[in-house]
Amino acid sequence: MPLALLALAVGAFGLGTTEFVMMGLLPDVADDLGISIPTAGHLVSAYALGVVIGAPLLAAATTRMSRRAVLIALMALFVLGNALSALAPGEISLLAARFVSGLPHGAFFGVGAVVATGMVAPERRARSVSLMFLGLTVANIVGVPAATAMGQQFGWRATFLGVSAIGAAAIAALAALIPRENAPAPTTGLRGELAALRSLPVWLALGTTVAGFGALFAAYSYITPMLTDAAGFAETSVTLLLALFGVGATAGNLLGGRLADHSLRGTLFGGLASLVVVLALFPLLMRTPVTAAVSVALLGMAAFVTGSPLQLMVMEKAAAAPSLASSANQAAFNLANAGGAWIGGLALAAGFGTTSPAAAGAGLAVLGLAVAGTAYAVDRRRVAAAPATGRERVVAGHVPEAVESVRR
């Protein structure tokens, strides 16, 4: 694997840290700014909104730029947003700064995935994406706890200055390690990129992301009350248990990348099916502390096995113009975050019990399997119809690519 993937992983580490660290800093930020914790929670939403808006817009706006230059520019915007967060004098300015911090998130992962797969042999594409995502999963094990501890010790503003430093290190690594010839400017332009989004298989792949990761966030958003109320853990133990989730996510991410290089669809279907099983068993697993701890790790592993296969599938379905579609998949991840948390909350509000969000998540995972199955059926029909109709392009790519996609 090329060393340049390390630069992408460093950037992903910074993005993952700043995305999730706000949850641990909410009480400190609320006290400092004189606002309630629910109001401070809007800072989490502001970042997610920046991701959803910034992913397609920035990818579209930079279609004529070298992908290497785009990655460096996106990380510079990330540094700016976090520096503004550290210097924000009040709630409104901090909301705006968090929104700016989120803008480059989706586009960085989207364009970074295209660059990563372009630097390796075809049989290692999924593994290259998983190594970039490694920075995101490791952030949940190391980055977020360390940044939270820094904020509690030196003030929450120091945390965002520290994250800005990570972004600066990522810029240096990107400039030094990514060869110019491996990240040239795309040739399709904005029109070609937009054309890729008109493909039904692209939208089915994005729908699989929303449903599959919506299943994760339906449960994970309410994991703390499950662990304390159902499993009987003390609140002081939750941070350590969440690190177990990060360990499971890291293992699942690496496993998914390795397996997807052998069978993309098989890994995707297997990951979604295992997510259904884990979430369906949550009410039983949450009855004892030991099985509850195991279930948290299994949840991270089952969910993140599908991460790199989903990213690669979207890129394959938009093979002629992958940057915008790849970035749109990151927006889909954040829609899954918001939608899954909302659906899990509905289950709790309806009085179905503390572990009911996991059951709702299992239903979403089943939906993800159904959408993935529909995508597979559509691919088979299109490939079968191509020779009879004489069409030269299938699923936003050439017929041989579509045939290979169905085979895998």
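On a predicted model such as this, the values are computed, not experimentally measured, just so you know. (Residues numbered from 1 in each chain as written. Predicted model: local features only at pLDDT ≥ 70, side-chain atom pairs only at ≥ 80, totals over all residues. Heavy atoms only, no water.)

Some points on the overall build of the protein chain
Next, step 1: In terms of helices and strands, the protein chain carries 17 helices and 2 strands.
Next, step 2: The C-alpha atoms of the protein chain give a radius of gyration of 21 Å, which matches the 22 Å a tight globule of 408 residues would have.
Next, step 3: With the C-alpha coordinates aligned to their principal axes, the bounding extent of the protein chain is approximately 65 × 45 × 35 Å.
Next, step 4: Accessible surface, the protein chain: about 15,700 Å² in total, of which carbon and sulfur atoms supply 69%.
Next, step 5: Placing the 22 positive and 16 negative side-chain charges of the protein chain at their respective mean positions leaves the two points 12 Å apart. (Helix = DSSP H or I, 4+ residues; strand = E, 2+ residues; numbered from the N terminus. Rg over C-alpha atoms; globule rule 2.2 N^0.38 Å. Areas by Shrake-Rupley, 256 points an atom, 1.4 Å probe, with all protein chains shown as cover. Lys, Arg positive; Asp, Glu negative; His and termini not counted. Charge placed at Lys NZ, Arg CZ, Asp CG, Glu CD.)

Some details on the pattern of salt bridges
Next, step 1: Counted under the stated rule, the structure contains 5 salt bridges.
Next, step 2: Among the ionic pairs, Glu316 bridges to Arg125, the shortest N-O distance being 3.6 Å. Taken as a pair, Glu316 in helix 14 (residues 307-317) and Arg125 in helix 6 (residues 125-154) lie far apart in primary sequence, 191 residues in all.
Next, step 3: Here Glu316 falls in the buried class, since its relative accessible area comes to 14%.
Next, step 4: A salt bridge links Arg265 to Asp379; the shortest N-O distance between them is 2.2 Å. One end of the pair, Arg265, is in helix 12 (residues 264-285); the other, Asp379, is in helix 16 (residues 356-389), and 114 residues separate them in sequence.
Next, step 5: Taking the relative accessible area as the measure of exposure, Arg265 reaches 4% and is therefore buried.
Next, step 6: Residue classification places Asp379 among the buried positions, given a relative accessible area of 1%. (Salt bridge = Lys/Arg side-chain N within 4 Å of Asp/Glu carboxyl O. Buried < 20%, exposed > 50% of the residue type's maximum accessible area, 1.4 Å probe, protein only.)

Focus: helix 9 (residues 200-220)
Next, step 1: The end-to-end C-alpha distance of helix 9 is 30 Å, a good match for the 30 Å that 21 residues give at a rise of 1.5 Å each.
Next, step 2: Its axis deflected by about 25 degrees at Gly214, helix 9 carries its strongest bend there. (Expected span 1.5 Å × (residues − 1). Bend = angle between axes of the 7 residues up to and from the residue.)

Side note on the packing of helix 6 against helix 14
Next, step 1: Contact pair helix 6 / helix 14: the axes reach a minimum separation of 9 Å and the direction vectors enclose 125 degrees. By the angle class used here, helix 6 and helix 14 are oblique. The crossing of helix 6 and helix 14 is right-handed. Counted together, Arg125, Ala126, Val129, Ser130 and Phe133 of helix 6 and Gly307, Ser308, Gln311, Leu312, Met315 and Glu316 of helix 14 form the full contact between these two elements.
Next, step 2: Looking at side-chain class alone, the contact of helix 6 with helix 14 contains 5 nonpolar, 4 polar and 2 charged residues. (Axes fitted to C-alpha atoms, helices over the stretch in contact; angles between N-to-C directions. Parallel < 35°, antiparallel > 145°, perpendicular 65-115°, else oblique. Left-handed = near helix turned anticlockwise from the far one by under 90°. Contact = heavy atoms within 4.5 Å. Nonpolar A, V, L, I, M, F, W, Y, C, P; charged D, E, K, R; others polar.)

Some details on the packing of aromatic side chains
Next, step 1: The full count for this structure, using the stated rule, is 8 aromatic pairs.
Next, step 2: When the ring of Phe269 is compared with that of Tyr376, the centres are 6.5 Å apart and the planes differ by 85 degrees; the resulting orientation is edge-to-face. Highlighted residues: Phe269 in helix 12 and Tyr376 in helix 16, separated in sequence by 107 residues.
Next, step 3: Looking at Phe269, the relative accessible area reads 25%, which means it is partly exposed.
Next, step 4: Here the aromatic residues Phe213, Tyr220, Phe245, Phe304 and Phe333 are joined through ring pairs into a cluster of three or more. (Phe/Tyr/Trp six-rings, centres within 6.5 Å; stacked < 30°, edge-to-face > 60°.)

Focus on a nonpolar patch on the surface
Next, step 1: A contiguous nonpolar patch, built from Val290, Val294, Leu298 and Met301 and spanning about 330 Å² of accessible area, is present on the exposed surface.
Next, step 2: Mapped onto the elements, Val290 comes out in helix 13 (residues 289-304). (Patch = residues over 30% accessible without salt bridge, like charges linked within 9 Å, V, L, I, M, F, W, Y side chains within 5 Å.)

Examining the side chain of Thr208
Next, step 1: Within the secondary structure, Thr208 sits in helix 9.
Next, step 2: Overall, Thr208 belongs to the buried group, its relative accessible area being 1%.
Next, step 3: When residues no more than four places from it in sequence are discounted, the contact partners of Thr208 are Leu268, Leu272, Leu310, Gly368, Val371 and Ala372.

A few points about the environment of Gly81
Next, step 1: Residue position: Gly81 is located in helix 4 (residues 67-87).
Next, step 2: Overall, the relative accessible area of 0% leaves Gly81 in the buried class.
Next, step 3: Gly81 sits 48 residues away from Leu33 along the chain, and the two C-alpha atoms are 18 Å apart.
Next, step 4: Leaving out residues up to four positions away in the same chain, Gly81 has contacts with Ala97, Val100 and Ser101.

Let's talk about helix 10 (residues 223-230)
For an α-helix, the turn length of 3.6 residues means that residues three or four places apart are oriented alike.
Next, step 1: Those residues of helix 10 that sit buried are Ile223, Met226, Leu227 and Thr228.
Next, step 2: Just beyond helix 10, the residue with positive phi is Gly232, at close to 85 degrees.

Some words on the confidence of the model for the protein chain
Next, step 1: Residues with a pLDDT of 70 or more make up 90% of the protein chain, whose mean pLDDT is 85.
Next, step 2: The low-confidence segment residues 389-403 (pLDDT under 50) makes 31 contacts with residues lying over four places distant or belonging to another chain. (pLDDT = per-residue confidence, 0-100.)

A few points about the environment of Ala88
Next, step 1: Considering the arrangement of structural elements, one finds Ala88 in the loop between helix 4 and helix 5 (91-118).
Next, step 2: Between the C-alpha atom of Ala88 and that of Arg98, which follows or precedes it by 10 residues, the distance is 9.9 Å.
Next, step 3: Once you skip the residues sitting within four places of it in the chain, Ala88 turns out to touch Ser93, Leu94 and Arg157.

Details of the side chain of Thr62
Next, step 1: Within the secondary structure, Thr62 is located in the loop between helix 3 (42-61) and helix 4.
Next, step 2: Engagement of the side chain of Thr62 in a polar contact is seen with the backbone oxygen of Ala59, the distance being 3.5 Å. (Polar contact = N/O pair within 3.5 Å; in protein donor to acceptor, adjacent residues only side chain to side chain.)

Topic: the environment of Leu33
Next, step 1: Examined against the element boundaries, Leu33 turns out to sit in helix 1 (residues 4-33).
Next, step 2: Once you skip the residues sitting within four places of it in the chain, Leu33 turns out to touch Pro89, Gly90, Glu91, Leu94, Trp156 and Arg157.

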